Amino acid sequence: MDAYTGFAEIYDMCMDNIPYDEWAKNLTTLLRRYGIVDGLLCELGCGTGEMTIRLSESGYDMIGIDNSEDMLMVAREKEYERMDAGETSQILYLLQDMRSFELFGTVRGIVSVCDSMNYLLTEEDLLATFRLVNNYLDREGIFIFDMKTAACFAALGNETRVEQLRGATLIWENAYMKRKKRNTYRLTIFEKESGDLYRKMSETHIQQTYSVDTIRRLLTEAGMEYIEAIDANTMGMVTETTERVLYIAKEGFQKDKCYQAPED
């Protein structure tokens, strides 16, 4: 799992096309459908905290987990700004790998968006993460996460795109290996600093796609109760052309309870 490093400070600029408000509304609607209207939530792969903040503003007590220190530095800067503005609902950010994350106790729900789960490149990594999710969910707790599909990566194909951002140029090189259902992004940013001087940054990211049947099987193997999969864009049924799937699962009875409860 590659972590965002050099891109952290301009990540939000690169992601300004993401409909965070709409996604947050969809998440809260689903959470409330299953009775989770408040309480403690954890976001895996929280990045710079855009979704974490929105869920906090929706009334949830938030924990954000990411394995990129640089991304969390940006998220914490936003948290300082919120506190300076008088926000009393503080967010706890933790630098952890989702395959081995630890909490002090259980939470009412766990969420993950922006295809963070696609960075888990093997079924073993997914299973390890799902087992921890099940372990740290309250009884009847809900797990909601999204993943890009093979249809999404196939639509991207092996193309190179150039995007003009605010004060920067993004070169997006995409390579999809259909047999392995694996996608590689090579991102290069030229950020203007002063005059004719530009700063170049490059990162490579690899994502894996999985079928709905595979995700259902792994969630069940992790001890969870699989509920449903829906098209994240239409909030309807998943079809062959669905490019992003929202998965919903419930805490299951089979769990190891490996967390350490805080002492009184």
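Relevant structure appears above.
Scope of this entry: the structure provided in the associated data block.

Cut-offs applied
Residues numbered from 1 in each chain as written. Predicted model: local features only at pLDDT ≥ 70, side-chain atom pairs only at ≥ 80, totals over all residues. Heavy atoms only, no water. Pairing = 2+ DSSP bridges. Helix = DSSP H or I, 4+ residues; strand = E, 2+ residues; numbered from the N terminus. Axes fitted to C-alpha atoms, helices over the stretch in contact; angles between N-to-C directions. Buried < 20%, exposed > 50% of the residue type's maximum accessible area, 1.4 Å probe, protein only. Contact = heavy atoms within 4.5 Å.

## A word on the sheet that holds strand S7 (residues 168–177)
Working step 1: Taken in spatial order, the 4 strands line up as S6-S7-S8-S9 in an open sheet, and their pairing is antiparallel. Strands with a single pairing partner mark the edges of an open sheet, and in this sheet they are strand S6 (160–165) and strand S9 (197–208). When the angles between neighbouring strand axes are averaged without regard to direction, this sheet yields 15 degrees.
Working step 2: Direction of pairing for S7 relative to strand S8 (residues 182–194): antiparallel, over a ladder of 10 bridges. From the neighbouring strand, Trp172 faces S8, where its bridge partner is Leu187.

## Concerning the pairing of strand S11 (residues 244–250)
Working step 1: When you tally the buried positions in S11, you get 7 out of 7 residues, the bulk of the element.
Working step 2: Burial along S11 is two-sided: Arg244, Leu246, Ile248 and Lys250 and Val245, Tyr247 and Ala249, pointing in opposite directions, are all buried.
Working step 3: Bridge analysis of strand S10 (residues 225–231) against S11 gives 6 bridges, and the strand direction is antiparallel. The partner of Glu225 across the bridge, within S11, is Lys250.

## Focus: the sheet that holds S11
Working step 1: A sheet is described by the order of its strands in space; here 7 strands give the open sequence S3-S2-S1-S4-S5-S11-S10, paired in mixed fashion. In the strand order of this sheet, the two ends are held by strand S3 (92–95) and S10, each with one partner. Sheet twist, expressed as the mean angle between neighbouring strand axes with direction ignored, is 20 degrees.
Working step 2: Sitting on the sheet, helix H3 (residues 50–57) is in contact with strand S1 (39–44), strand S2 (60–66), S3 and strand S4 (107–112), with an inclination near 170 degrees to S2.
Working step 3: Each of S1, S4 and strand S5 (137–148) touches helix H5 (residues 123–136); the most contacted strand, S5, lies at about 145 degrees to it.

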